[in-house]
Amino acid sequence: MRILIMGPPGAGKGTQAVRIASFCEIPHVSTGDIFRAEIKGCTDLGRKITSYLDTGKLVPDEVTVEVIRKRLQQPDSHKGFLLDGFPRTIPQAKALDGILGEMGSALDLVLNIRVAPQALLKRLTGRRVCRKCGATYHLLYQVPQADGVCDSCGGELYQRSDDTVETVTNRLDVYQKQTAPLLDYYRERDLVREVDGELPIDQVWAEIEKLIRSFA
Ligand code: AP5
Ligand code: MG
Ligand code: ZN
């Protein structure tokens with residue numbers, strides 16, 4: 001399947017994406033994760049984009065589209081994929097249509113994880129991520145067994161540099177202005193299915209699993 005998961009910053013896209021990718025046996029393609037890996041690796045691309053991520057601005061479309069074009073050309077994407085965090089603008093969505101058209105494929109499903117804006121700040125400032133394996137935790141909602149240590153690999157947990165109150169506020173604003181309008185782009189094609197992202201994590205997954213099964 002070719003799935004796109006959408007929703008505002010902190011909606012739970014990454015948390016659910018891990019489960020979807022494993023359930024459907026498809027790669028989880030997250031532009032945010034790809035960009036953070038480039039920054040960590042101090043690559044040329046990483047140096048170019050670091051200020052965008054730190055301030056919560058969108059990386060320019062040309063850069064982002066090329067990253068996705070390369071990723072979707074890799075053989076593991078041919079059986080399907082889960083896009084998380086891309087596309088985020090109408091030009092990105094149109095570029096994706098072009099890339100998929102060249103591959104002779106198209107999106108099957110767009111999941112829209114809905115969470116009210118008031119809940120998002122708390123989710124993001126309380127988030128902690130494993131440096132080693134990328135697993136996501138929360139100080140209140142998904143508490144690791146030992147303080148600051150990843151349950152699955154023992155790695156150190158850290159706070160993303162863009163999870164400060166100031167940058168989160170900017171990211172939420174950017175989402176409303178530039179990314180939310182994309183939903184109508186996909187609604188016109190009847191691809192969007194709504195998911196209540198305010199339920200506990202396992203219940204959100206149960207809703208998503210039901211939707212995916214109904215497509216299989
Ligand atoms: P990206 O990494 O995509 O960040 P984002 O869209 O802001 O989303 P997040 O990863 O912050 O949230 P999430 O929905 O994945 O939530 P999570 O599951 O972690 O992008 C980062 C930056 O990269 C952008 O700002 C931009 O600069 C750049 N970028 C990326 N893509 C781009 C593109 N296409 N174009 C241009 N620039 C781009 O959950 C959050 C927290 O809540 C966790 O602590 C989790 O444990 C908890 N939680 C999850 N679900 C629940 C639940 N149901 N109940 C309670 N808590 C929950
Ligand atoms: Mg994420
Ligand atoms: Zn880990």
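Computed from a predicted structure; not experimentally measured.

At a closest axis distance of 8 Å, the pairing of helix α2 (residues 31–40) and helix α3 (residues 44–55) adopts a crossing angle of 120°. Our classification of the angle between α2 and α3 gives oblique. The hand of the α2/α3 crossing is left-handed. Here Phe35, Arg36, Glu38 and Ile39 of α2 come into contact with α3, specifically with Leu45, Gly46, Ile49, Thr50 and Leu53.

If you check which residues of helix α6 (residues 117–125) are buried, you get Leu120, Arg123 and Leu124. Along the axis of α6, the buried residues cluster in a sector spanning 90°; they form a single face. The inward-facing, buried residues of α6 abut β5 (127–130), β6 (136–138) and α7 (165–179).

Here strand β3 (residues 81–84) shows two buried faces, one formed by Phe81 and Leu83 and the other by Leu82 and Asp84. Pairing of strand β1 (residues 2–6) with β3 involves four bridges; the strand directions are parallel. Following the sheet pairing, Arg2 is matched in β3 by Phe81. Of the pairings in the sheet, the one linking strand β2 (residues 28–30) to β3 comprises three bridges and is parallel in character.

Moving on to the sheet that holds β5. Judged by pairing direction, the sheet is antiparallel, and its three strands sit side by side in the order β6-β5-β7 without closing on themselves. In this open sheet, the two edge strands, each paired with only one partner strand, are β6 and β7 (157–158). The pairing of β5 with β6 spans three bridges and is classified as antiparallel. Residue Arg128 lies in a different strand from β6, and its bridge partner there is Tyr137.

Rules used in this analysis
Residues numbered from 1 in each chain as written. Chains lettered and ligands numbered in written order. Predicted model: local features only at pLDDT ≥ 70, side-chain atom pairs only at ≥ 80, totals over all residues. Heavy atoms only, no water. Axes fitted to C-alpha atoms, helices over the stretch in contact; angles between N-to-C directions. Helix = DSSP H or I, 4+ residues; strand = E, 2+ residues; numbered from the N terminus. Parallel < 35°, antiparallel > 145°, perpendicular 65-115°, else oblique. Left-handed = near helix turned anticlockwise from the far one by under 90°. Contact = heavy atoms within 4.5 Å. Buried < 20%, exposed > 50% of the residue type's maximum accessible area, 1.4 Å probe, protein only. Arc of directions from axis to C-beta. Pairing = 2+ DSSP bridges.

Structural measurements only, silent on function.
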